[in-house]
Amino acid sequence: MVVDPILLVGAGLLGLCVGSFLNVCILRLAKEDKKQRSLFHPPSTCPRCGRRIGWRDNVPVVSWLVLRGRCRSCGQPISMQYPIIEAVVAVLWIAAVLAYGPTVRFVEAAVLGTILLGIAITDARHYLIPDEYNWTGLVLGLGLSLTAGVPGFIEGVLGAATGFALLYAVGLVGGWVFKEEAMGGGDIKMMAMVGAFVGWKGVLLTVFAGALFGSLVYVPLLVLGKRKRHVPFGVFLAMGAAVAFVFGPAIYDWYRRFLGAA
Ligand SMILES: [Zn+2]
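Fair warning: this is a prediction, and the values are worked out from it, not measured in the lab.

Criteria and cut-off values
Residues numbered from 1 in each chain as written. Predicted model: local features only at pLDDT ≥ 70, side-chain atom pairs only at ≥ 80, totals over all residues. Helix = DSSP H or I, 4+ residues; strand = E, 2+ residues; numbered from the N terminus. Rg over C-alpha atoms; globule rule 2.2 N^0.38 Å. Buried ≥ 20, exposed ≤ 12 C-beta atoms within 10 Å, placed from the backbone. Contact = placed C-beta atoms within 7 Å. Expected span 1.5 Å × (residues − 1). Arc of directions from axis to C-beta. Axes fitted to C-alpha atoms, helices over the stretch in contact; angles between N-to-C directions. Parallel < 35°, antiparallel > 145°, perpendicular 65-115°, else oblique. Left-handed = near helix turned anticlockwise from the far one by under 90°. Nonpolar A, V, L, I, M, F, W, Y, C, P; charged D, E, K, R; others polar. Core = buried A, V, L, I, M, F, W, Y, C linked by C-beta atoms within 7 Å. Domains from an automatic or database assignment.

A look at the overall build of the chain
Broken down by element type, the chain carries eight helices and zero strands. Listed N to C, the secondary structure of the chain is α-α-α-α-α-α-α-α in terms of helices and strands. In terms of overall size, the chain behaves like a compact globule, its C-alpha atoms giving a radius of gyration of 20 Å where 262 residues would be expected to give roughly 18 Å. Viewed in the frame of its principal axes, the chain has a C-alpha envelope of about 65 × 50 × 35 Å. Every one of the 262 residues in the chain was classed for burial, and the buried ones make up 35%. Across the chain, the fraction of contacts at a sequence separation of at least 24, relative to all contacts at a separation of at least 6, is 66%.

What to know about helix α5 (residues 131-145)
Helix length check: α5, at 15 residues, gives a terminal C-alpha distance of 21 Å against a target of 21 Å (1.5 Å per residue), a fit within 8%. Residues of α5 that are buried include every one of Y133, N134, G137, L138, G141, L144 and S145, and no others. One side of α5 holds all its buried residues, which, seen down the axis, span an arc of 140 degrees. Of the surrounding elements, those touching the buried residues of α5 are α4 (104-126), α6 (149-178) and α7 (185-223).

What about the packing of α5 against α7?
As a packed pair, α5 and α7 sit with axes 8 Å apart at the nearest point and diverge in direction by 20 degrees. The angle between α5 and α7 places the two elements in the roughly parallel class. As α5 runs across α7, the sense of the crossing is left-handed. The residues of α7 that touch α5, namely those facing D131, N134, G137, L138, G141, L142 and S145, are K189, M190, A192, M193, A196 and F197. The class makeup of the residues in the contact of α5 with α7 is seven nonpolar, four polar and two charged.

Quick notes on the nonpolar core
Core analysis: the biggest nonpolar cluster contains 57 residues, and W93, L116 and A241 have the highest contact counts within it. The set of elements that each furnish at least two residues to this core consists of α1 (5-28), α3 (81-100), α4, α5, α6, α7 and α8 (233-261). Among the elements that take part in this core, α7 stands out by supplying 13 residues, more than any other. When residues are assigned to domains, this core turns out to be shared by domain 1 (1-102) and domain 2 (104-262), each giving three or more. Setting aside its immediate chain neighbours within four residues, L116 contacts A238, A241 and A242.

Remarks on the domain arrangement of the chain
Along its sequence, the chain is organised into domain 1 (1-102) and domain 2 (104-262). Distance from the C-alpha centre of domain 1 to the C-alpha centre of domain 2: 25 Å. With 16 residues of domain 1 at the interface, the matching set in domain 2 holds 15 residues. Looking at the side of domain 1 that touches domain 2, the elements that each hand over two or more residues are α1 and α3. Across the side of domain 1 that touches domain 2, the residue classes tally to 15 nonpolar, one polar and no charged.

Focus: the environment of G159
Mapped onto the fold, G159 is located in helix α6. Residues G159 and I53, spaced 106 residues apart in sequence, show a C-alpha to C-alpha distance of 42 Å. Setting aside chain neighbours within four positions, we find G159 in contact with G195, A196, V198, G199, W200, G202 and V203.

Now the structure itself:
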C-alpha cells in the first residue's frame, strides 16, 4: 500500500509520544502501592537525585541523545530502556500505517501492539499483568469494533468472552493437574482484552501460538535442568496475539481451503 509520507511522519511522531507514555506505564503500573500507580501525578523525576525532569529533557529519544544518557542535574546514567521503548513504539506505529494505511485497522494494530509491548515487558520483569492494560485495551478494542457495525461489535464481545472463558478453563484444569495456580488472573483478563481485538478464532490462534512459543523457550530449559518456577505466560500470549492479529485472516483462509480440499 502506498502511504502519504506525511502520514508516516505523523504516525512516527505520535508513536514516539505514546512510547514516552508507555515508559511511565511500565515504571509505575508494576508498583504494589496503589498511590504510586498514578500515571499523571507526580510529574517525572530523576530516580537518582529526585529532581523534576523539565519538558526539554523529556522529548522522546532526542533528549536522551542530547544528554548522552545522563541526568542534567546529577549526571547519573538514565536507563537506555527509555529511548529504546520510544523508538520501538514509533517503528510499530509506522509499520502499522504502512501495512494498513489510514484505517481503523491501523489504529487497532497500533493500540494493541503498544499494550502488548507494555504487558510483555511488565510480565517478563515482575510476573504480573497490570489491570490497567487489560481494562483500557478491552474498552478500546470493543469501541473500535463498533466501527464495523453491530456484527463487528458482536465479534469483539464474542472474542472477549472466548478469551476469558478459555483461559479460565485452562487455569481450572491446570490447577487440578499441577495442584498450584497455573494461570494468574492477569492472563485471563489479558485474553479477554486480546479477544476484543482478534475475535474468537484469534483467541484460539493466540493461545496455540503462545503455547508454541512458550514451549520453544521452556522445553530446552527443562531439558537442561534449569526449571523456572514462574513462567511469564503473558509474554508468550502477547507474541501469539501479535501473530493472530497480523496473520490470522490469512491463516483462517488457508485452513478453510485446506478443509475444503480434504
Ligand atoms: Zn538526577
